[in-house]
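Understanding the architecture of this molecule
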Amino acid sequence: MLGISDIFENKIYIPRYTNNKMAFNMGDHPVTHIADPTENDILCGRGGGTNAHSGNIKFRKLVSAHKLRYLAASKSDKPSVARDVVREWRGMDPPRRFLAKM
């Protein structure tokens, strides 16, 4: 069970985008009070800790795979390409989440 000290010691993660319906449709994967992010989660933040996380590395590879499509898209189509990348990431099995430290 998680205690208040876990929150103050930055050990708890929360979904980065909780207003999105997909954030709450994760099946057996919790969307709040996440003490142990999986290797498939993206940790939002800066620095070596987040950059070296395996989920962040996998996500950068996915983004790289869509880079040419994004660069070729018109200004009005670029958000659609970005949404497609996020939709593909979240649609993988197991579901992949965007998390931020609380």
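Procedures and definitions
Residues numbered from 1 in each chain as written. Predicted model: local features only at pLDDT ≥ 70, side-chain atom pairs only at ≥ 80, totals over all residues. Heavy atoms only, no water. Helix = DSSP H or I, 4+ residues; strand = E, 2+ residues; numbered from the N terminus. Expected span 1.5 Å × (residues − 1). Buried < 20%, exposed > 50% of the residue type's maximum accessible area, 1.4 Å probe, protein only. Contact = heavy atoms within 4.5 Å. Arc of directions from axis to C-beta. Phe/Tyr/Trp six-rings, centres within 6.5 Å; stacked < 30°, edge-to-face > 60°. Lys NZ or Arg CZ within 6 Å of the ring centre and 35° of its normal.

1. What about helix H5 (residues 78–90)?
Helix length check: H5, at 13 residues, gives a terminal C-alpha distance of 19 Å against a target of 18 Å (1.5 Å per residue), a fit within 8%. For H5, the full list of buried residues reads Lys-78, Val-81, Val-85, Trp-89 and Arg-90. On its buried face, H5 sits against strand S2 (42–43), helix H3 (54–65), helix H4 (67–72) and strand S3 (98–101).

2. Considering H3
With 12 residues, H3 should reach 16 Å at 1.5 Å per residue; the first-to-last C-alpha distance of 17 Å fits that figure. Where H3 is concerned, the buried positions are Gly-55, Asn-56, Phe-59 and Leu-62. All buried residues of H3 project into a common sector of 120 degrees when viewed along the axis, lining one side. Across H3 from its buried face, at more than 90 degrees, point the exposed residues Lys-61 and Ala-65. Each element contacted by the buried residues of H3 is listed here: S2, helix H2 (48–51), H5 and S3.

3. Digging into the packing of aromatic side chains
Aromatic ring pairs are defined here through the distance separating the ring centres and the angle between the ring planes. Overall, the coordinates contain 2 aromatic pairs when judged by the stated rule. Between the aromatic rings of Phe-59 and Trp-89, the centroid separation amounts to 5.3 Å while the plane-to-plane angle is 75 degrees, which identifies the pairing as edge-to-face. With Phe-59 in helix H3 and Trp-89 in helix H5, this pair connects stretches of sequence that are 30 residues apart. Judged on exposure class, the residue Phe-59 and its partner Trp-89 are both buried. Plain terms: the ring middles of Phe-59 and Phe-98 are 5.5 Å apart, the flat faces sit at 85 degrees to each other, and that makes the pair edge-to-face. On the criterion of sequence distance, the pair formed by Phe-59 in helix H3 and Phe-98 in strand S3 is long-range, its members being 39 residues apart. According to the relative accessible area criterion, Phe-59 is buried, its value standing at 17%. Chaining the aromatic ring pairs together yields one cluster made of Phe-59, Trp-89 and Phe-98. Positioned above the aromatic ring of Tyr-70 is the side chain of Lys-78, whose terminal nitrogen or guanidinium carbon lies 4.4 Å from the ring centre. When the ring centre of Trp-89 is taken as origin, the NZ or CZ atom of Arg-96, which lies over that ring, is 5.0 Å away.

Function cannot be read off these values alone, since they describe shape.
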